[in-house]
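Okay, here's what each chain looks like letter by letter:
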Amino acid sequence: MPRQLREVVFVDGVRTPFGKAKGQYAETRADDLVIKCIRELMRRNPGLPPERVDEVAIAATTQIGDQGLTIGRTAALLSGLPQSVPGYAIDRMCAGAMTAVTTTAGGIAFGSYDVAIAGGVEHMGRHPMGEGVDPNPRILSERVVNPDALVMGKTAENLHDRYPTITKERVDAYAVRSQQKTAAAYEAGAIQPDLVPVATRSAEQGWGLATTDEPMRPQTTMESLAGLKTPFRAAGKVTAGNAAGINDGATAALLAEEETAKELGLPIRMRLVSYSFVGVEPEVMGAGPIPATEKALKQAGLTIDDIEAFEVNEAFAVQVLAFLEHFGIADDDARVNPYGGAIAMGHPLASSGVRLMTQLARQFEERPEVRYGLTTMCIGIGMGGTVIWENPHWNGADAKQENTK
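What you see is a predicted model; the values in this text were computed from it and never measured. (Residues numbered from 1 in each chain as written. Predicted model: local features only at pLDDT ≥ 70, side-chain atom pairs only at ≥ 80, totals over all residues. Heavy atoms only, no water.)

Thoughts on the nonpolar core
Next, step 1: Counting residues in each nonpolar core, the largest one holds 40 residues, and the members touching the most others are Ile-307, Phe-310, Phe-316 and Phe-323.
Next, step 2: For this core, the secondary-structure elements that each account for two or more residues are helix H5 (152-162), helix H6 (168-187), helix H9 (289-300), strand S10 (307-312), helix H10 (317-326) and strand S11 (372-379).
Next, step 3: With 7 residues, H10 is the largest single contributor of residues to this core.
Next, step 4: Sequence-distant contacts of Ile-307, that is, excluding residues within four places in its chain, are made with Leu-297, Leu-302, Arg-335, Tyr-372, Gly-373, Leu-374 and Ile-388.
Next, step 5: The next biggest cluster of nonpolar side chains, apart from the first, holds 38 residues, and it includes Met-124, Ala-253, Ala-350 and Leu-356. (Core = buried A, V, L, I, M, F, W, Y, C linked by side-chain atoms within 4.5 Å. Buried < 20%, exposed > 50% of the residue type's maximum accessible area, 1.4 Å probe, protein only. Helix = DSSP H or I, 4+ residues; strand = E, 2+ residues; numbered from the N terminus. Contact = heavy atoms within 4.5 Å.)

This is how it looks when you write it as structure tokens:
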């Protein structure tokens, strides 16, 4: 007998402030960052009995050391969740947390779970991307991928080649706006509600408290970016100023079946509509969000014109601008990343997908006239991921009801 799929909702999401590699979290364990997020989710949602959590999925790209040993399970135990709550680890590089969300959401829709926690962590200062891995040499010797595919900055330069209209001036201007928007969002108090402060310790500086994103450079100007080196290509366009850095941080989200959320009195901040992951040529992995978005829109029966709020991960400015150019959206469209993005806040690989979701949920709360929004990101080794969400606060539903009376 066919199963009726159930509605999946985004209840809440939190994250640690993001740090620079070897910065404020240099002596903080990766799993402790995740634990802080899980505990904060439970604290903020006291109507949820801990035993009602059915699964904990935590992503990490480099699953080694304090990011290894089935981190979803160990973090759940260390967070104080009952031993009956299972957990697992997941890896889809930059889209790890996004995949943790979509995978557990599938379990909720199918009826295997009612409530799940999904998130990600990356301590790139302690575990650089690729640490301890042993890629099969045939992937290069048999030309399965171009060697550029293994260096993210080179893939971004290759994307510039695909989009010659995206100049160095355009990517630098985008990066300046990201810094400015993030600073303005902090000034307006739009970022802080999603952050869980983290106690830090340093042999040199003693105890501290991380309360803001460490990578931010609000004084960035076009002039300061113009003089930066292009490390991936002589006379190239990709610099440390128009790309995300090497960062540490963690995120976690609470997902639930809609009726369960209502039963427990949990907030409903977004409703899942569709999601898609698509592969592209690994040497231009930044193009991934384009086909992923096209597929997710088709699944949802929507067009890009139906999307009025965008959270696009800023691994590289060129990757965002390629997405916008493909869909005919202006570089400075106010619907895109209104609070800034990874160029300013940081991109701790596997954690970033949930950051996009918490910020989209904030957009939905502030803009009830918006019905649909999306979160999208490029993914290493040539992929893209997109999740489309519906705004439960959409005031068009009330208007529609009034018109039918």
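Here the narrative resumes.
Details of the UniProt feature "active site" (unreviewed entry) in the chain
Next, step 1: When the UniProt feature table is mapped onto this chain, "active site" (unreviewed entry) is found at Cys-94, His-347 and Cys-378. Annotated residues spanning 285 residues; largest pairwise C-alpha distance 11.9 Å, indicating a single compact cluster. Of the annotated set named above, Cys-94 and His-347 line the largest pocket.
Next, step 2: Of note, His-347 is situated in the loop between helix H11 (342-345) and helix H12 (352-366).
Next, step 3: On the accessibility criterion, His-347 (5% relative accessible area) is buried. (UniProt positions renumbered as here; feature names shortened; annotations may be inferred. 1 Å grid on protein atoms, 1.4 Å probe; cavity = no way out; pocket = protein on both sides within 12 Å on 5 of 7 lines; lining within 4 Å.)

Quick look at the environment of Arg-233
Next, step 1: Along the polypeptide, Arg-233 turns up in the loop between helix H7 (222-226) and strand S8 (247-257).
Next, step 2: On the basis of relative accessibility, which here comes to 30%, the residue Arg-233 falls in the partly exposed class.
Next, step 3: Along the primary structure Arg-233 and Lys-154 are separated by 79 residues, whereas in three dimensions their C-alpha atoms are 7.5 Å apart.
Next, step 4: Arg-233 has contacts with Glu-157, Asn-158 and Asp-161, leaving out every residue within four places of it along the chain.

A short note on the pairing of S10
Next, step 1: The buried fraction of S10 is high, at 5 of 6 residues.
Next, step 2: Sheet analysis places S10 next to S11, joined by 5 bridges and oriented parallel. Bridging across to S11, Phe-310 finds its partner in Leu-374. (Pairing = 2+ DSSP bridges.)

Some thoughts on the UniProt feature "domain: Thiolase N-terminal" (unreviewed entry) in the chain
Next, step 1: In this numbering, the UniProt entry assigns the feature "domain: Thiolase N-terminal" (unreviewed entry) to residues 8-259.
Next, step 2: The distance separating the terminal C-alpha atoms of residues 8-259 is 9 Å; by composition the span is 32% helix and 19% strand.

With respect to the confidence of the model for the chain
Next, step 1: On average, the chain scores 95 in pLDDT, and the residues at 70 or more come to 97%.
Next, step 2: In the predicted structure, residues 399-405 sits below a pLDDT of 50 and forms 0 contacts with residues beyond four places in sequence or in another chain. (pLDDT = per-residue confidence, 0-100.)

Thoughts on the packing of aromatic side chains
To describe a pair of aromatic rings, you give the distance between the ring centres and the angle between the ring planes.
Next, step 1: What the rule picks out here adds up to 4 aromatic pairs.
Next, step 2: An aromatic cluster of at least three residues, connected via ring pairs, comprises Phe-310, Phe-323 and Phe-327.
Next, step 3: Residue placement shows Arg-15 over the ring face of Phe-18; its charged tip is 4.5 Å from the ring centre. (Phe/Tyr/Trp six-rings, centres within 6.5 Å; stacked < 30°, edge-to-face > 60°. Lys NZ or Arg CZ within 6 Å of the ring centre and 35° of its normal.)

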